[in-house]
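This is what each chain is made of:
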Amino acid sequence: MANNHFLAQVYGRAVGYGRPFRGLNNVLGTPATQGVGISLPSALCTISAAPPNTVVNGVTQVSLIEVLPTGLNQPSVVYSSAQPVATLSALAV
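This text gives an overview of the structure that appears in the document. Model, not experiment: these values are computed from the prediction. (Residues numbered from 1 in each chain as written. Predicted model: local features only at pLDDT ≥ 70, side-chain atom pairs only at ≥ 80, totals over all residues. Heavy atoms only, no water.)

Before going further, it helps to spend a moment on the overall build of the protein. For the protein, the helix and strand inventory stands at 1 helix and 8 strands. Reading the helices (α) and strands (β) of the protein from amino to carboxyl end gives β-β-β-β-β-β-β-β-α. Its C-alpha radius of gyration of 13 Å places the protein within 12% of the 12 Å reference for a compact globule of 93 residues. Seen through its C-alpha atoms, the protein measures out along the principal axes to roughly 35 × 30 × 30 Å. For the protein, contacts bridging at least 24 residues in sequence account for 55% of all contacts bridging at least 6. For the protein, the computed accessible surface area is about 5600 Å², with 58% contributed by carbon and sulfur atoms. (Helix = DSSP H or I, 4+ residues; strand = E, 2+ residues; numbered from the N terminus. Rg over C-alpha atoms; globule rule 2.2 N^0.38 Å. Contact = heavy atoms within 4.5 Å. Areas by Shrake-Rupley, 256 points an atom, 1.4 Å probe, with all protein chains shown as cover.)

Structural data, given as structure tokens:
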């Protein structure tokens with residue numbers, strides 16, 4: 001049975017591919033150097049390798065998670081993560 005959602009530690013967010021990442025803040029309002037855990041929909045996500053030397057909040061990012069839009073005129077949202085692509089792909093199954 002497939003999961004509907006999976007938990008990922010993300011560090012940055014961009015609206016659409018090719019846009020710069022904005023670092024996420026933790027609940028205290030400071031940069032999330034340990035990442036922020038968010039639940040993402042498995043069916044609407046694509047996971048790929050991050051470009052070399054992608055650094056967000058001082059942490060090297062190794063994967064990108066694109067959440068596809070659910071409506072018209074909606075951009076996709078891309079999150080960056082320090083978790084390996086293989087790990088995220090296994091969680092999203």
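This brings us to the nonpolar core. In a soluble, globular protein the nonpolar side chains are often hidden away together inside. Ranked by internal contacts, the top residues of the largest apolar core, which has 13 residues, are Phe6, Ala8, Val10, Leu40, Cys45, Ile65 and Tyr79. Those elements giving two or more residues to this core turn out to be β1 (5-15), β3 (36-41), β7 (63-67), β8 (77-81) and α1 (85-92). Sequence-distant contacts of phenylalanine 6, defined by excluding residues within four places in its chain, comprise Ile38, Ser39, Leu40, Pro41, Ser42, Cys45, Ile47, Ile65, Leu88, Leu91 and Ala92. (Core = buried A, V, L, I, M, F, W, Y, C linked by side-chain atoms within 4.5 Å. Buried < 20%, exposed > 50% of the residue type's maximum accessible area, 1.4 Å probe, protein only.)

With that settled, the discussion passes to the environment of threonine 33. Here threonine 33 is to be found in the loop between β2 (22-23) and β3. Since its relative accessible area comes to 42%, threonine 33 is described here as partly exposed. Each C-alpha atom of the pair threonine 33 and valine 10 lies 9.8 Å from the other, and the pair is 23 residues apart in sequence. Setting aside anything within four residues of it in sequence, one finds threonine 33 in contact with Tyr11, Asn57 and Val59.

Attention shifts here to the environment of serine 48. Along the polypeptide, serine 48 turns up in strand β4 (residues 45-49). Each C-alpha atom, one on serine 48 and one on valine 67, is 12 Å from the other, the two residues being 19 residues apart in sequence. For serine 48, the residues in contact, after removing those within four places along its chain, are Tyr17, Val62, Ser63, Leu64 and Val85.

Sheet topology places β1 next to β3; 6 bridges connect them, and they run antiparallel. Note on β3: the bridge partner recorded for glutamine 9 is glycine 37. Bridge analysis of β1 against β8 gives 5 bridges, and the strand direction is antiparallel. Residue glycine 12 lies in a different strand from β8, and its bridge partner there is serine 80. (Pairing = 2+ DSSP bridges.)

Its location among the elements puts serine 42 in the loop between β3 and β4. You can call serine 42 buried: its relative accessible area is 11%. Among the polar contacts made by the side chain of serine 42, one reaches the main-chain carbonyl oxygen of alanine 92 at a distance of 3.3 Å. (Polar contact = N/O pair within 3.5 Å; in protein donor to acceptor, adjacent residues only side chain to side chain.)

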